[in-house]
Amino acid sequence: MAKPAECAASGNLISIEEDALIAASRKGELQAFNSLVLRYQGIVYNLAYRMLNDGETAADVAQDTFMSALKGINGFRGGSFKAWILRITSNACYDRLRQRQRHPTSSLDALVDDVESPTEFADPDAGPEEIALRRELMAHIRDGLLCLPAEQRLAVVLSDVQGLSYEEIAQVANCSLGTVKSRLARGRARMRDHLMRRGELLPSRYRHDVEG
Amino acid sequence: MLDRELRCYGITELLSPYLDGQVSEDERRQVEEHLPRCARCGRELQELRVTVQALRDLPVIAMPRSFALAAQPRTLPTFFPYLRNATFALAAMVLTMFVASLYVQMTSVSSMPQPKDAVAVQQVESFSAVASPTSRELEKLDAQPALPAPALAPGPMSAAPRAPSGAPAPSAAAKQPQDEANNEVQKAPDTAETGTALVPQRATTAGGGVSEKVPSSGDGDEKSAPPANSAQQAPPQWPLLEIEIGAFILLLILGGATLAVFWKERRGT
């Protein structure tokens, strides 16, 4: 998890630039805020997508997130902007999930509709069979994520899909490091069980790891 | 056996943070001591590692669109629509007023040959005073005094009370100038029909008229007559023009403000 020194240095530069952008956004400079949007929209959209498993709703959530972030930028009290914006995102996702529980029909369509395009993870020398296999694995992982309680899903997605540190996850989820650890451990354990139920989907290099 | 299960239970809890290096030195030692001795926990760790790897390999989902906030309409001040609409409304108003005043002037010119001649003449005069007087009108105005002046000679303004009694005489006298004027029209057909036709007619009514205007227009001093009437006649036109100018200036200010607000926001985004 430790970053190389040069990476940390460029991280500092980025954060200095980011502070300037945030300050400008506070003064109402939309261009500055949009620079922040461009920087974080990918991670925001992907978190929403993984939490909700529906591109359309995820896009709505992402748009809502940035709109409420702009409104509430004065409420941002320093720290990690990334964590702050992801916290807004996760709260918006929780809202949507609650809505879904109240009207369960709409989520089923999303499950069927939303198959990730294979081009997104195609590698050039993969045969059609391998692509099909990978696609099935993706769908299987996705189903597994959906089976997790929302809090565990958030922890797993932030940590393993998006590569956030425990500290950042704690900020996003507004909980302690210990809570992050246990949510992540339980979520991963569930995911492992789910994945191993269809171990044949795993690429040979993974299976080799498991057997070895 | 039970002891071992319990030990495993403690260890499996640590496997996930161990994978991330998020365990204390003590916990790390516990795990590393346990793993070589317990195949089950070793396998569990391995599966966990594979799971995490599979999650990391999940593709990044391409965004359907950019979420950059499409600024302008959102950040324009809330009063902007009102300002803009007010500008449009005022522009429409100014345009209507302009067209209307043009129309009024056109129709008043074309209606001049009607019996309301005195009024019409004054309108023409005030019109020509407002707009730059054309040479044609100037000609006409110059010609005017020459024709009726001798005939309508008698009293000055103070003669007003005498008007009814004095009327027949000027009217008789006026016929002469009218003829002369008619001749004049024929002599100078190139002058504007309305204008020239009007002049003698005015002379007719002025001479033969029964109204209070008779004495004043019957007065030999032609120059005093038109100003007196134009003072009565001008007011309906002058305020209108002032309103027009005022509205136009207001339009310029409003339009400028609208553009300024709009442009500032455009630049700002």
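I will try to describe carefully the structure that is included in this document.

What counts as what
Residues numbered from 1 in each chain as written. Chains lettered and ligands numbered in written order. Predicted model: local features only at pLDDT ≥ 70, side-chain atom pairs only at ≥ 80, totals over all residues. Heavy atoms only, no water. Helix = DSSP H or I, 4+ residues; strand = E, 2+ residues; numbered from the N terminus. Buried < 20%, exposed > 50% of the residue type's maximum accessible area, 1.4 Å probe, protein only. Contact = heavy atoms within 4.5 Å. Areas by Shrake-Rupley, 256 points an atom, 1.4 Å probe, with all protein chains shown as cover. Polar contact = N/O pair within 3.5 Å; in protein donor to acceptor, adjacent residues only side chain to side chain. Expected span 1.5 Å × (residues − 1). Buried area = accessible area lost by both parts, 1.4 Å probe. Salt bridge = Lys/Arg side-chain N within 4 Å of Asp/Glu carboxyl O. Nonpolar A, V, L, I, M, F, W, Y, C, P; charged D, E, K, R; others polar. Core = buried A, V, L, I, M, F, W, Y, C linked by side-chain atoms within 4.5 Å. Lys, Arg positive; Asp, Glu negative; His and termini not counted. Phe/Tyr/Trp six-rings, centres within 6.5 Å; stacked < 30°, edge-to-face > 60°.

With that settled, consider the overall build of chain A. A tally of helices and strands in chain A yields 10 helices and 0 strands. Counting from the amino terminus, helix and strand elements in chain A follow one another as α-α-α-α-α-α-α-α-α-α. Burial status across chain A gives 46% buried among its 212 residues. Across chain A, the fraction of contacts at a sequence separation of at least 24, relative to all contacts at a separation of at least 6, is 64%. A total of about 10600 Å² of accessible surface is found on chain A, and carbon and sulfur atoms cover 52% of it.

With that settled, consider the overall build of chain B. Within chain B one finds 14 helices and 0 strands. Element order for chain B, N to C, with α for helix and β for strand: α-α-α-α-α-α-α-α-α-α-α-α-α-α. Looking at the 269 residues of chain B, the share that counts as buried comes to 35%. For chain B, the accessible surface area stands at approximately 15900 Å², while carbon and sulfur atoms represent 63% of it.

Further remarks concern the side chain of A:S159. Residue and element names in this part refer to chain A. Along the chain, S159 turns up in helix α7 (residues 150–161). Owing to a relative accessible area of 1%, S159 belongs among the buried residues under this scheme. A polar side-chain atom of S159 sits 3.4 Å from a polar atom in the side chain of R188. S159 has contacts with L164, I169, L184 and R188, leaving out every residue within four places of it along the chain.

What follows deals with helix α3 (residues 39–56) of chain B. Compared with an ideal rise of 1.5 Å per residue, which puts 18 residues at 26 Å, α3(B) spans 26 Å between its outermost C-alpha atoms and is within 8% of the ideal. Taken as a whole, α3(B) has its buried residues at B:C41, B:E44, B:L45, B:Q46, B:E47, B:L48, B:V50, B:T51, B:V52, B:A54 and B:L55.

With that out of the way, let us pick up the interface of chain B and chain A. Listed by partner, the interface residues are 33 residues for chain B and 44 residues for chain A. Among the residues chain B hides against chain A, the three largest losses belong to B:I61, B:F67 and B:L69. Together they make up 19% of the total. Scanning the region where chain B abuts chain A turns up 3 salt bridges. A:R192 is paired through a salt bridge with B:E44; the nearest N and O atoms lie 3.5 Å apart. For the pair chain B and chain A, the number of links is 10 residue pairs in polar contact (both at pLDDT 80 or more). Those elements giving two or more residues to the side of chain B that touches chain A turn out to be α1 (2–19) and α3 of chain B. Here the element with the most residues in the side of chain B that touches chain A is α3(B); it accounts for 12 residues. Taken together, the residues that form the side of chain B that touches chain A break down as 17 nonpolar, 7 polar and 9 charged.

On to the nonpolar core. Side chains that are nonpolar tend, in soluble globular proteins, to be buried together. Among the nonpolar cores identified, the biggest contains 65 residues, and A:F66, A:F81, A:L86, A:I141 and A:L145 are the most heavily contacted of them. Element by element, the count of residues in this core is highest for helix α2 (residues 30–52) of chain A, at 14 residues. Those residues in contact with A:L86 that lie beyond four places of it in its chain are A:I43, A:V44, A:L47, A:L158, A:L164 and A:V172. In this structure, B:I11, B:L15, B:Y18 and B:C41 belong to the second largest nonpolar core, which totals 12 residues.

α7(A) sits mainly inside the fold: 9 of its 12 residues count as buried. Looking at α7(A), one finds that the buried residues are A:Q152, A:R153, A:L154, A:A155, A:V156, A:V157, A:L158, A:S159 and A:D160. Against α2, α4 (81–102), α6 (128–147), α8 (166–173) and α9 (177–196) of chain A together with α3 of chain B lie the buried residues of α7(A). Where α7(A) ends, the next residue or the one after it, A:G163, has phi of about 70°, a positive value.

Bringing the side chain of A:E168 into the picture now. Residues and elements named next belong to chain A. The topology assignment puts E168 in helix α8. Buried charge without a partner: E168 forms no salt bridge, and the closest opposite charge is K82, 4.1 Å away. Beyond its immediate stretch of four places on either side in the chain, E168 contacts S80, K82 and A83.

For any two aromatic rings, the description comes down to two numbers: the centre-to-centre distance and the angle of the planes. Residues and elements named next belong to chain A. For the structure shown, the criterion picks out 7 aromatic pairs over all chains. When the centroid spacing of 5.5 Å and the interplanar angle of 85° are considered together, the rings of F76 and F81 count as edge-to-face. F76 gets classed as buried once you look at its relative accessible area, which sits at 5%. Look at F81 and you get buried, because its relative accessible area is 1%. Between F76 and W84 the ring centres are 5.1 Å apart and the planes differ by 50°, which places this aromatic pair in the tilted class. An aromatic cluster is built from Y40, F76, F81 and W84, whose rings are joined through pairwise contacts.

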